[in-house]
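Residue-level structure breakdown
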Amino acid sequence: MRRAKRALITVLTLVSLLVAACSSGGSKAPSGLPGDAAGAPRAGGTLVVGSHAAHKSLAPYHWSSSADLLPINLIHEGLVTFVEGYKVVPRLALTWETSQDGLTWTFHLRQGVKWHDGVEFTADDVKFSLELYKNPTTKAKQMADFQAIKEVQVKDKYTAVVILSEPYAPFLRKVASQGMLPKHYHEKLTPEEYERKPIGTGPYKLQEWAPNQYVKLVANPDYWDGKPQFDAIENREIPEVATRMLALRSGEIQLDNWYPPPEEVAKFKADKNFQVTTEQTLGTMVLNLNNTNPILKDKRVRQAIAMGIDRQAIIRDLWKGLGVLANGPVPPAMEWYNPNVKSYPYDPEAAKKLLEEAGWKPGPDGVRVNGEGKRLAFTTLVIQGDEDRGQIAVTAQQWLKQVGIEMKIERNESGMLIDRVWKTRQFDAALYTWTLGGFSGDPDVAPQWSCNGTDNQALYCDPAMDKLIADGAREMDWEKRKAIYGRIQEKLAEDLPMIFLMQPLMPHVASAKIAGIKDGNFNTIEVLYKAWFKE
Amino acid sequence: MLFIVTLVVFGVLHMAPGDPALILAGPSEATPAVLAQIRQEWGLNDPVYVQYVRWAGRIVRGDLGLSMAYNKMPVADLLRVAVPKTLNLNLAAILFGLVVAVPAGVICAIRKYSLWDHALSLLSLLGISMPSFWLALMMMILFSVKLHWLPTAGATTWKHYVMPTIALGAALAGGLAQIIRSSVLEAISNDYVRTARAKGLTERTVLFKHVLKNAAIPIVTYLGYRVAYLMSGLVVVETVFAWPGMGRLAADALFRRDYFVVQATVLVGAVTVVLANLLVDLLYGTLDPHIRYQ
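Residues numbered from 1 in each chain as written. Chains lettered and ligands numbered in written order. Predicted model: local features only at pLDDT ≥ 70, side-chain atom pairs only at ≥ 80, totals over all residues. Heavy atoms only, no water.

**Notes on the pattern of salt bridges**
As a reminder, the rule being used: We define a salt bridge as a contact between a side-chain nitrogen of Lys or Arg and a carboxyl oxygen of Asp or Glu at a distance within 4 Å. Helix and strand definitions follow DSSP, with helices as H or I runs of at least four residues and strands as E runs of at least two, each counted in order from the N terminus.
For the structure on display, the rule yields 39 salt bridges over all chains. Between E131(A) and K127(A) there is a salt bridge, with its nearest N and O atoms 2.9 Å apart. Highlighted residues: E131(A) and K127(A), both in helix α3 (residues 123-134), separated by 4 residues, approximately one helical turn. Connected through salt bridges with shared partners, the residues K139(A), E192(A), E41(B) and K72(B) form a single ionic network.

**Re the domain arrangement of chain A**
Residues and elements named next belong to chain A. Stated precisely, the cut-off is as follows: In this entry, domain limits derive from an automatic or database-based domain assignment. Working rule for contacts: check all heavy atoms of both residues, and any pair within 4.5 Å makes them a contact. Defined here as a combined quantity, buried area equals the accessible surface (1.4 Å probe) lost by two parts on assembly, summed across both. By the criterion applied in these results, polar contacts are pairs of N or O atoms within 3.5 Å in which, for protein atoms, one can donate a hydrogen and the other can accept it, and in which residues neighboring in sequence qualify only through two side-chain atoms. Gly counts as polar in this scheme, as do all residues outside two lists: the nonpolar Ala, Val, Leu, Ile, Met, Phe, Trp, Tyr, Cys and Pro, and the charged Asp, Glu, Lys and Arg.
Here the domain parsing of chain A yields domain 1 (77-198) and domain 2 (283-506). Computed over C-alpha atoms, the centres of domain 1 and domain 2 are 35 Å apart. Opposite the 13 residues of domain 1 that make contact, domain 2 presents 16 residues. In this assembly, domain 1 packs against domain 2 so that about 1200 Å² is buried in total across both faces, 62% of it on carbon and sulfur atoms. If you sort the residues of domain 1 by the area they bury against domain 2, A169, R173 and K174 come out on top, with a joint share of 43%. Between domain 1 and domain 2 we count 2 salt bridges in total. For E335, the salt bridge goes to R173, with nearest N and O atoms at 3.0 Å. Summed over the shared surface of domain 1 and domain 2, the result is 3 residue pairs in polar contact (both at pLDDT 80 or more). Partitioned by chemical class, the residues of the side of domain 1 that touches domain 2 number 7 nonpolar, 3 polar and 3 charged.

**Section: the packing of helix α1 (residues 2-15) of chain B against helix α4 (residues 48-60) of chain B**
Residues and elements named next belong to chain B. Rule in force here: For helices, the fitted axis covers only the stretch in contact; all axes are lines through C-alpha atoms, and the angles between them, taken along N-to-C directions, range from 0 to 180 degrees. For classification purposes, angles smaller than 35 degrees are called roughly parallel, those larger than 145 roughly antiparallel, those between 65 and 115 roughly perpendicular, and all remaining angles oblique. By convention the crossing between two helices is left-handed if the near helix lies anticlockwise of the far one by an angle smaller than a right angle, and right-handed if it lies clockwise.
Two numbers describe how α1 lies on α4: the axes approach to 11 Å, and their chain directions differ by 140°. By the angle between their directions, the pair α1 and α4 is classed as oblique. The way α1 lies across α4 gives a crossing that is right-handed. Contacts between α1 and α4 involve F3, T6, L7, F10 and H14 from the first element and V48, Q51, Y52, W55, A56, I59 and V60 from the second. Across the contact of α1 with α4, the residue classes tally to 9 nonpolar, 3 polar and no charged.

**Observations concerning the confidence of the model for chain A**
Our working definition: Scored from 0 to 100, pLDDT reflects the predictor's confidence in each residue.
The predicted model of chain A averages 88 in pLDDT, with 90% of residues at 70 or higher. Ignoring residues within four places in sequence, the model shows residues 1-38 of chain A, a span with pLDDT below 50, making 43 contacts including any to other chains.

**A closer look at the interface of chain A and chain B**
In this complex, chain A contributes 55 residues to the contact, which on the side of chain B involves 60 residues. Regarding the contact of chain A and chain B, the summed buried area is about 4800 Å², with carbon and sulfur atoms giving 61% of it. Counting the contacts that link chain A with chain B gives 5 salt bridges. For R248(B), the salt bridge goes to E237(A), with nearest N and O atoms at 2.9 Å. At the junction of chain A with chain B, the criterion picks out 18 residue pairs in polar contact (both at pLDDT 80 or more). Listed by contribution, the elements that provide at least two residues to the side of chain A that touches chain B are α1 (2-24), β10 (232-237), α7 (241-250) and α13 (414-423) of chain A. Here the side of chain A that touches chain B gets 7 residues from one element, more than from any other, and that element is α13(A). The residue inventory of the side of chain A that touches chain B, partitioned by class, reads 22 nonpolar, 16 polar and 17 charged.

**Here we look at the pairing of strand β4 (residues 93-98) of chain A**
Residue and element names in this part refer to chain A. Going by this rule: Strand pairing follows a simple DSSP-based rule, namely that at least 2 bridges must link the two strands.
Here 5 bridges tie β4 to strand β5 (residues 104-109), and the two strands are oriented antiparallel to one another. The partner of W96 across the bridge, within β5, is F107. Adjacent in sequence and paired antiparallel, β4 and β5 are bridged by 5 residues, among which G102 carries a positive phi angle near 75°.

**A look at empty space enclosed by the protein**
Test applied: Note on definitions: the grid is 1 Å and covers protein atoms alone; a cavity is a set of points where a 1.4 Å probe fits but cannot get out; a pocket is an open set with protein on both sides within 12 Å along at least five of seven lines; lining residues have an atom within 4 Å of a point. Grid points are joined across faces, edges and corners, and a volume is the space filled by probe spheres set on the points.
Inspection of every chain in the model, using the stated rule, returns 6 cavities of 30 Å³ or more. Approximately 110 Å³ is the volume attributed to the largest cavity. Along its surface, the largest cavity is lined by 14 residues, and Q213(A), Y214(A), R236(A), G154(B) and A155(B) are the ones closest to its centre. If you tally residues by element for the lining of the largest cavity, the top one is β10(A), at 3 residues. Residue composition of the lining of the largest cavity, by class: 5 nonpolar, 5 polar and 4 charged.

**Examining the environment of A458(A)**
All names here are of chain A. Put simply, the test is: Summary of the burial criterion: residues with accessible area below 20% of their type's maximum are buried, those above 50% are exposed, and those between are partly exposed, where the area comes from a 1.4 Å probe applied to protein chains only.
Along the chain, A458 turns up in the loop between α15 (446-449) and α16 (463-474). Taking relative accessible area as the criterion, A458 reaches 0% and is therefore assigned buried. Contacts of A458, omitting those with residues within four sequence positions, involve N288, L289, N290, N291, W449, P497 and M498.

As structure tokens, then:
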């Protein structure tokens, strides 16, 4: 009897623990969707966004993925920001001017802007922010971009002057666009403390960050550009894409902020309950080739690979049209895009001819061999679990086989692939998507294509290219600078250090109940801040 | 034993390719200065054994360290959220398993070879063989998209518990029902059951006081063994349902080479399995007076 009682008590305790735990989370109020006249912006409601990754940091210098960028960019603002096509427009700076020698940048700040705690934003904050990004102890992701800064002077309360040690043309996009930080608040905290409870000048304030669950932002009623329409925005972590798609359909989330599978996009487009907008990202899907590999260092082999892969078919059939053919790392929507570069349309016969010229003759099993009997074979790394790109690799493998190239595929866990491509350099080729110039939209490609570039993924090295890159970074005249980057694109298309497959278009699926959203990057302040619920 | 487990994981983790500094800084953005700063700050330049001894020394003092991927967020803070969530989900799954499997197993046993037996046995087989990922998505389509009864993802209200509990508990319930069926069948043919019936006890009393009690040992053994299995199944279920528990935390930490979080989750997992086994041993003594621990 006593044992039975004890067992009963144990079971009851477990049940009560479970019930207590179940109820401790509190209930989440459903999104209220108030509204008035049709068509006019209406205030109210909570927008729930589905995020593909866990939030790691809410500081603009330590972001980890676009999951972090959405709240970071709604909380913080830069001196300038970007609109569609990555064009620069003023934000916290109203105007700015550059000295003739390109060494002095003067920013005239917007007056009356308040941090989320009510303190006024001034030039002291600009000085503090730029110095913080530059300081190695901050370990800012953008640290390299800030090294040209020699000094930041506070001329008066609303004028900040930045002195550079050398002309640095990417300054405006790469430096002045970064989120400003509150001196009075941040200097009492370490970067690690700040990134969990940031304040900014942006349209939304941080309300709650539940690690591994969500980040909730509430509207800033004192925002200098007017209170935003959504009362709150919740960035909810749903790592599994299938779940995110179902959460969209069930109405739990109203916006998906990361690549939905192409076939799902087609279904959402056909559904009147949803709207699909697209964004020209700065990403390029590439088959990166190790230019120090004995086989792949020959430009003719790289060009033959490009002509041996039907990139149009990849975009049309595998990517369901959600991409544009890439002839270089610059998407056509960018203002410095050069359309007049060498292109490599699908042409297996031309590819075979080029390989013959390079000394690769058909071998007994169809794979080409050179005079030394070496097989024309290499291995491409693909991220384990990345089925979309995995499928592209498998298809490319079949095409390349037809021209006598053996491409093996090896699936690596993401950390391992990063290690092999960026650190140990133990790779032949790798298929992935990378972003040009960070997220700034600046054409500077020094990290990627200069011999000593920190992001030189293809191990490409050409002194002529180094000179062009150095000239481009120093040139302050926009037209002249554009011409230099035009030449860089021409040279990249000729040398083809990697195969530029396509520039993917990022689709965003949103509920049809949302009005005011447009094509563009939801991680920038320009898009979500002005949207609203129709009903 | 626990330290051997952590030592092996620590060793394997450090031998595996994947540089935490490079992953943390971002391969495209990392500069040598930032990488050097990160490596120095986290002691990654030291030999592996030095790093392990340092970690173990801190653990002994009750310090789980800081997360690398979460920019120095204390690992204890991450576990404070994740451990209760996982524990609750596991307990809910076990409870679900018992509530479903005990009646099903008993019905199968006492109505041996009947239509009930065949139908429930088939269902239990389905429970065991259905991949939790597939089951989870099917439930979401029905209960979230079609009926709008339950939320797909998250862990804040009781409604969030329903589908992950079933997804995690289905295989447990299926296996348990089969164990219960065979245990009850075995117990029912014993002499003491015949004696109990001869005494004039009702079938209900015979079943609950004699048969089930004697069938409990294999059930408890199975449950103990399944705890370890539940822990591994958590990675899938927690990821699908965006459940902020240990499984998701561990998987994410592994991908990011967040050494201290991986170590902490392994430690918690190992402690759970050890405790589950201990509990099973103690329950043996309670269930069967023949088993006594000196």
